[in-house]
Every structure is written in C-alpha cells, then in structure tokens.
Amino acid sequence: MIIYQGIVAVALARNPSLIRAEQPMASDLSSTDCTALRGGASLRRRRDLVFVVNPRGANGTTVQQWKRLLPYLRSRLGDDCNICESLTSGPSHAIDITREAIREGADAVIAVGGDGTLHEVVNGFFCSGKPVCNHDMNSSHSTALGIIPLGTGSDFARTLGWKNDPHDAIERIAKGLKSKIDVGCITGEIGESHYFINVADIHLSAKAGYYASRYKKFGNLCYVIGALQAFFRHHNQDLRIKVDEGEWEVCSQVTALCIGNAKYFGGGMEITPNANPSSGDYEVVILQDFKWYDFIFKMHKLYNGTHLSVKNVSSRRARSIEVEEIGSNSSIYVQSDGEFLGFLPRKFSLLPGVIELIC
C-alpha cells in the first residue's frame, strides 16, 4: 500500500484507498492541505505539490526541522498550491510515493531531506526502464522535481550553488522556474535499471560510502570513519572500461573511478569539478595507484576540486561508460548518490534533459 496524504480531489475520487495518514504525524497534518478548490472557487489552477519527507533522516532531525518549517511553507505557498505532505515509512517508500504522484498528475514532487531522499525520489520518476507517465494520456504537463535540503548531506544542492537554507528552497518553489537536467542510468548483467542524479563511483570511494552509511548518527564524520574502514585491506585493481561504445581500454591500478553528473559527493568533496547536470555528458575522474598517505597529503585537493592536476588523476567526458574488473573476484564495490548497488560489471548511460528541476 502506498502511503501518502492525498494528491488532489480527483485522485481521491478515483481511488480513495490510496490515502492513509502516516500515524506518527497524523495529529500534525491539516486535512485541508491536499484538497483542491472545487468548481468556480478560483479561475487560476492551483499547483499540486507533493512533499516527500523521511522522518528518520539525519537521526530524526529532518522531521523536526520540517515541522518547524511547515507553518512558513503553508503561509508562503498555501494560496497558490495544494500542499500534500508524504512521510516515508521505510527504504524505497519514496520511490513508490513519487511514482503514484506522477501518475495522478502532481505538478511537482519535492524531496525534503538529504541526498538519500533525493536519490529515491529521482528513481521514482522511472519504472521498468522508462519514465513514469501521467494516467491521463491526453495531459501535456509533466511532473517536476523539487528539493528542500534538510538532511545529513546536500551534495547535489552544492553543485547548483544553492545555500543550505530551506527558506530559499521554498522561494524557488514559489517562483516555479524550471530547467531540464540529465539523469544517469546504471544497468548490470541482471536486475532493474537504477538512476542517479549526482555521482556514481567505483572501488575505494564506493566501499567508503558503504561503510559510512553505518555511521550516519555521527553526521558528516561518518564519511571519515567510512574512509578509514575502507582503507583496511584495500588493494588497487586493474579495470577495463569502454567509453561511448568505443574499444575496451585497460586502466591499471585503479583506486577509485567516479562518474559525475554533478560535482560533489561524500559530504562536500568536489570529486568531478567540471560536471554539470545540464551538459549532456558525464565527467569521469579516475584515481590510479593511490596509497593511503596520498589521501592524507592530497585530501584538501579532493575537497576543493584541484586534484585534476595531481599525478595519476585523469578526467574525460563521456555519454556512457562500461566498467568491469579484470579477473573474477567480484569484489569491486559500486554506489550511486551514496547508495550501495553491489559490484561490477556495470554500464553507466546518460539520459539528457529527462527531468525538469524547479530551480
């Protein structure tokens, strides 16, 4: 059962069983927030906005910030918008909420929280390898993506130069300006396609992200703890890559390979400094033959984006890249937007301008 606090009156009429208030927040929700104006009440169509909130984000602080923000959001947007609050109940729930909101014709789905919530919402724009569509096949409008950064990390917002200020985000939503952005698509030998909006990475950095996810209660310090744990027994690995359907190439002693649709990951590390989510291609950065002490002496360059001048660091543009390990250990970690996806081999393709972002 998909749980969220209504889309519009039309959706309620079509299938009222879809709507069930999330119990922990039920007393805080206004039943009028998601009710569309009835015939003749207004000549101007109100926008239907679905706000997806992870109540467990940032150790529970996300929902506390959201509750404090709600009165301002209602006063700023309530005259022009139907505000629909949707609380996630567990992993992947934001994907289901987003898919249903798009099918019911929502004007925008707003990810409230960090990059993890945003990642799920972006994946909700797709299903079975295709973009999700409005149930009304005659409708010409599409659902936009919005962001209110409140979580542990907001790396995608950094790429756009946005302040980590939810009031600024609400102003962007109020203005409603939109721009098309690219989305990365990851496919493997089996399983469904996976999508990312920020950075996908392979080997050491992905392993560090995998371990960091266990220490989220420590805030951004979790990335440091994860990196230290990942270094234990780490070995650089020869990989084989194919860029833009070209010939296979061997990359020796790869420490990390990062595929950037945007610039930042890991809580502010500017790993792909030339990436742009509207450029139509990735920036691929490869670190080769790094030792543990290289990170100690060069970490500041990774954070300020000047590492491309460092020996054994290369950068190139690509619309697609396939990566596989040489050998059969099946131990090379893959992640995207901080979410662990498994192991190589993988293909990373770009879908240009496939989502409209409220900017």
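Residues numbered from 1 in each chain as written. Predicted model: local features only at pLDDT ≥ 70, side-chain atom pairs only at ≥ 80, totals over all residues. Heavy atoms only, no water.

Under the annotation held in an unreviewed UniProt entry, the protein chain carries the name Sphingoid long-chain bases kinase 2, mitochondrial isoform X1 and is attributed to Nicotiana tabacum.

1. Comments concerning the nonpolar core
Let me state the cut-off plainly: The set of buried Ala, Val, Leu, Ile, Met, Phe, Trp, Tyr and Cys residues whose side-chain atoms join them within 4.5 Å is what this entry labels a nonpolar core. When accessible area is computed with a 1.4 Å probe and restricted to protein chains, residues below 20% of their type maximum are described as buried, those above 50% as exposed, and intermediate ones as partly exposed. Secondary structure elements follow DSSP: runs of H or I of four or more residues count as helices, runs of E of two or more count as strands, with numbering from the N terminus. The domain boundaries here were taken from an automatic or database domain assignment. Contacts between residues were defined by any pair of non-hydrogen atoms, one from each residue, lying within 4.5 Å.
Among the nonpolar cores identified, the biggest contains 29 residues, and L118, V121, V122, L145, F156 and I355 are the most heavily contacted of them. By residue number, the principal contributor to this core is helix α3 (residues 93-103), which donates four residues. Counting contributing residues per domain, this core is built from domain 1 (47-176) and domain 2 (194-352), each supplying no fewer than three. Apart from the residues within four sequence positions on either side, L118 is in contact with A111, L145, I147, F156 and I197.

2. Focus: the packing of helix α7 (residues 204-212) against helix α8 (residues 221-231)
Our working rule: In this analysis an axis means a line fitted to C-alpha atoms, helices contributing only their contacting stretch, and an angle means the value between N-to-C directions, from 0 to 180 degrees. By definition in this entry, angles of less than 35 degrees are roughly parallel, angles greater than 145 are roughly antiparallel, angles of 65 to 115 are roughly perpendicular, and the rest are oblique. Here a crossing is taken to be left-handed if its near helix is turned anticlockwise relative to the far helix by less than a right angle, and right-handed if that turn runs clockwise.
Relative to each other, α7 and α8 sit at 120 degrees, their axes nearing to 7 Å. As judged from the angle between their axes, α7 and α8 are oblique. Crossing of α7 over α8 shows right-handed handedness. Every residue of α8 that contacts α7 at L204, K207, A208, Y211 and A212 is listed here: C222, Y223, G226, A227, Q229, A230 and F231.

3. Re the pairing of strand β11 (residues 248-260)
What counts here: By the convention used here, strands pair only if DSSP detects at least 2 bridges between them.
Where strand β9 (residues 199-203) lies against β11, five bridges are found, and the strand directions are antiparallel. Across the sheet, D201 pairs through a bridge with C258, a residue of β11. Taken together, the five bridges between strand β10 (residues 237-243) and β11 define a ladder with antiparallel strand orientation. Residue pairing in the sheet places Q237 in a bridge with V254 of β11. Linkage of β10 to β11, two consecutive antiparallel strands, is achieved through a turn of four residues, within which D244 is found at a positive phi near 50 degrees. As paired strands, β11 and strand β12 (residues 282-288) are joined by six bridges and run antiparallel to one another. Bridging from a neighbouring strand, G260 pairs with E283 of β12.

4. A closer look at α3
α3 sits mainly inside the fold: nine of its eleven residues count as buried. Among all positions of α3, only H93, A94, I95, I97, T98, R99, E100, A101 and I102 are buried. On its buried face, α3 is in contact with β1 (47-53), β2 (81-87), β3 (108-113), α4 (115-124) and β4 (126-127). Remark: G105 follows α3 within two positions and exhibits a positive phi of approximately 90 degrees.

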